[in-house]
Amino acid sequence: MNKLRLGFMLAFALAAAGARADWAPSTAFVAEGGVTAHGTYSLTAGVAWPWAWRRVSHSGEWTGTTEAFVSRWSAKIGGEREGFTQVGLLPVVRYRFDHGRSDWFAEGGIGVSYMDRLYRSDRKEFSTRFNFHDAIGAGRSFGARREHELSLRFVHVSNGGIKEPNPGENFVQLHYARQF
């Protein structure tokens, strides 16, 4: 099962990368913050590229982007805070309601990330620096050209069972993006 998930992820990431020939990003994450249930915080910045792929269903529109990001985590260890740096790539599929006319959307994706060292906190310890980065969320676009976006995301980071222990870490994130 783990090899199947890894193969799926690699194929999806390659397909997402090949879906866009123009590599100039169209979106920047101006600010993104996250928190876990036990006090690990994250701050993320990144850029996104839209895919050329687009599908219209009977009630909505499907599009995609590929996000590249850098995240800084702060975790409690023995009463002190310690920092960790994560870099990642996240293909995201978005569903916009009302045949694409709505400002509201739902989105989700499964990507990959790499930490500068093994993550550990008072409650958890990862066994790998390579991890999957899964996100699901909902949000709304603002502005005359929908150039501002605000969404709430649930993010799960874990190695997908490649190696034990695999406790994973769950973040609730407020995500702001600006298209240019």
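For the structure, see preceding data.
None of the values given here were measured: they were computed from a predicted structure. (Residues numbered from 1 in each chain as written. Predicted model: local features only at pLDDT ≥ 70, side-chain atom pairs only at ≥ 80, totals over all residues. Heavy atoms only, no water.)

Trainee: Help me understand empty space enclosed by the protein, please; the structure alone is not making it clear to me.
Mentor: Taking a probe equal in size to a water molecule and rolling it over the atoms shows the remaining empty space. Counted by the stated rule, this structure contains two cavities of 30 Å³ or more. There is about 50 Å³ of room inside the largest cavity. Along the walls of the largest cavity sit F29, E32, T44, E67, F69, L90, H133, R153, V155 and Q173, which together make up its complete lining. When grouped by side-chain class, the residues that make up the lining of the largest cavity number four nonpolar, three polar and three charged. (1 Å grid on protein atoms, 1.4 Å probe; cavity = no way out; pocket = protein on both sides within 12 Å on 5 of 7 lines; lining within 4 Å. Points joined across faces, edges and corners; volume = space filled by probe spheres on them. Nonpolar A, V, L, I, M, F, W, Y, C, P; charged D, E, K, R; others polar.)

Trainee: What am I meant to see in the pattern of salt bridges here?
Mentor: Two side chains of opposite charge can pair, provided their charged atoms sit close to one another. For the structure shown, the criterion picks out 11 salt bridges. Across the pair E82 and R120 runs a salt bridge whose closest N-O atoms are separated by 3.7 Å. Linking E82 in strand β4 (residues 80-97) with R120 in the loop between β5 (104-115) and β6 (130-142), this pair joins segments that are 38 residues apart in sequence. For E82, a relative accessible area of 22% translates into the label partly exposed. With a shortest N-O distance of 2.7 Å, E149 and R94 are connected by a salt bridge. Of the two residues, E149 sits in strand β7 (residues 148-158) while R94 sits in strand β4, which places them 55 residues apart along the sequence. Owing to a relative accessible area of 7%, E149 belongs among the buried residues under this scheme. Residue classification places R94 among the buried positions, given a relative accessible area of 13%. Here the salt bridges share partners, and the residues they tie into one network are E67, R94, E107, E149 and R153. (Salt bridge = Lys/Arg side-chain N within 4 Å of Asp/Glu carboxyl O. Helix = DSSP H or I, 4+ residues; strand = E, 2+ residues; numbered from the N terminus. Buried < 20%, exposed > 50% of the residue type's maximum accessible area, 1.4 Å probe, protein only.)

Trainee: What should I look at first to understand the layout of surface pockets in this one?
Mentor: In this structure, the largest pocket encloses a volume near 410 Å³. Counting only elements with at least two residues in the lining of the largest pocket, the list comes to β1 (27-35), β2 (41-56), β3 (60-77), β4, β7 and β8 (169-179). By residue number, the principal contributor to the lining of the largest pocket is β3, which donates five residues. Taken together, the residues of the lining of the largest pocket break down into six nonpolar, eight polar and 10 charged.

Trainee: Explanation requested: the nonpolar core in the structure shown.
Mentor: Taken as a class, soluble globular proteins show a tendency for nonpolar side chains to be buried jointly. Core analysis: the biggest nonpolar cluster contains 14 residues, and W73, F84 and Y119 have the highest contact counts within it. Only β3, β4 and β7 provide two or more residues apiece to this core. The biggest single contributor to this core is β3, with four residues. Those residues in contact with F84 that lie beyond four places of it in its chain are S71, R72, W73, A75, I77, M115, D116, R117, L118, Y119 and R120. (Core = buried A, V, L, I, M, F, W, Y, C linked by side-chain atoms within 4.5 Å. Contact = heavy atoms within 4.5 Å.)

Trainee: Please explain unusual backbone geometry as it appears in this structure.
Mentor: A negative phi angle is the norm for most residues apart from glycine, just as the trans form is the norm for most peptide bonds. Between E164 and the following residue, P165, the backbone shows a cis peptide bond with an omega angle of 0°. Within the secondary structure, P165 sits in the loop between β7 and β8. You will see that R146, though not glycine, has its phi angle at about 60°, which is positive.

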